[in-house]
Amino acid sequence: MRSRYTAYALGGHGKYLLQTWFPATAGGLTEEELSDKKLDWRKLEILNRSQHGDEGVVEFKAWFLRGINEKLEAMHEISEFRRVNGRWYYIGGRVD
């Protein structure tokens with residue numbers, strides 16, 4: 001989770017994001033699209049996490065600056081992950 005946030009925050013790491021995305025749920029996303037830094041990410045706050053075998057859930061808030069006034073806002077998501085052959089993959093999430 002933290003490494004994926006860092007990839008988004010830095011920008012330019014679409015290849016890594018695709019490599020950590022469960023292929024069946026990545027849809028038509030491209031490395032170029034995911035490499036584009038669209039927001040100025042500032043902070044990651046993990047609110048809750050759980051794991052049951054090879055399934056995991058992470059609830060977090062990711063803080064970013066938006067607009068001309070650079071208002072600090074948060075994206076709240078509950079993300080699902082699955083471990084396959086010892087490696088964790090992002091399945092998808094529900095954004096509030």
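The preceding data block contains the structure.
Just so it is clear, the structure is predicted and the values come from calculations on it, not from any experiment. Sequence positions are assigned chain by chain, starting from 1 and proceeding in written order. Residues qualify for local features only when their pLDDT is at least 70, as the model is predicted, and side-chain atom pairs are given and counted only at 80 or more; totals for whole chains, interfaces and linings, by contrast, use all residues. With hydrogens and water stripped out, all remaining heavy atoms of the structure feed into the side-chain values.

### Considerations on unusual backbone geometry
Positioned with a positive phi, N85 is a non-glycine residue whose angle comes to about 50°. Secondary structure elements are taken from DSSP: a helix is a run of H or I of four residues or more, a strand is a run of E of two residues or more, and numbering for both begins at the N terminus. Among the structural elements, N85 can be located in the loop between β3 (71-84) and β4 (87-95). Here the term buried applies to any residue with accessible area under 20% of the maximum for its type, exposed to any over 50%, and partly exposed to those in between, with areas from a 1.4 Å probe on protein chains only. For N85, a relative accessible area of 80% translates into the label exposed.

### Looking at the environment of L65
Of note, L65 is situated in strand β2 (residues 55-66). Along the primary structure L65 and W41 are separated by 24 residues, whereas in three dimensions their C-alpha atoms are 6.6 Å apart.

### A short note on the side chain of R4
Tracing the sequence through the fold places R4 in helix α1 (residues 2-10). Buried R4, no salt bridge; nearest opposite-charge side chain is E77, N-O distance 7.2 Å. Residue contacts are defined here by distance: any two heavy atoms, one from each residue, within 4.5 Å place the two residues in contact. Setting aside anything within four residues of it in sequence, one finds R4 in contact with Y16, L17, T20, W21, F81 and Y90. Only four residue types enter the tally: Lys and Arg on the positive side, Asp and Glu on the negative side; His and the chain ends are excluded. Salt bridge, as used here, is a side-chain nitrogen of Lys or Arg placed within 4 Å of a carboxyl oxygen of Asp or Glu.

### Topic: the nonpolar core
Put simply, buried Ala, Val, Leu, Ile, Met, Phe, Trp, Tyr and Cys residues joined by side-chain atoms within 4.5 Å make one nonpolar core. Ranked by internal contacts, the top residues of the largest apolar core, which has 15 residues, are Y5, W21, W41, L44, F60 and A62. Going through the elements one at a time, α1, β1 (40-52) and β2 are the ones with two or more residues in this core. A per-element tally of this core places β2 first, with four residues.

### Regarding the packing of aromatic side chains
For Phe, Tyr and Trp, rings pair up if their centres lie within 6.5 Å, where Trp contributes its six-membered ring, and each pair is then called stacked (planes under 30 degrees apart), edge-to-face (over 60) or tilted (otherwise). Within the structure shown, the criterion is met by five aromatic pairs. Where W21 meets Y90, the ring centres are 5.0 Å apart and the plane angle is 85°; that geometry is what we call edge-to-face. In this pair, W21 sits in the loop between α2 (14-19) and α3 (31-35) while Y90 sits in strand β4, placing the two residues 69 residues apart along the sequence. Judged by its relative accessible area of 11%, W21 falls in the buried class. When its relative accessible area of 11% is taken as the criterion, Y90 is described as buried. A ring pair is formed by F22 and Y89, whose centres lie 6.4 Å apart and whose planes are at 70°; its orientation type is edge-to-face.

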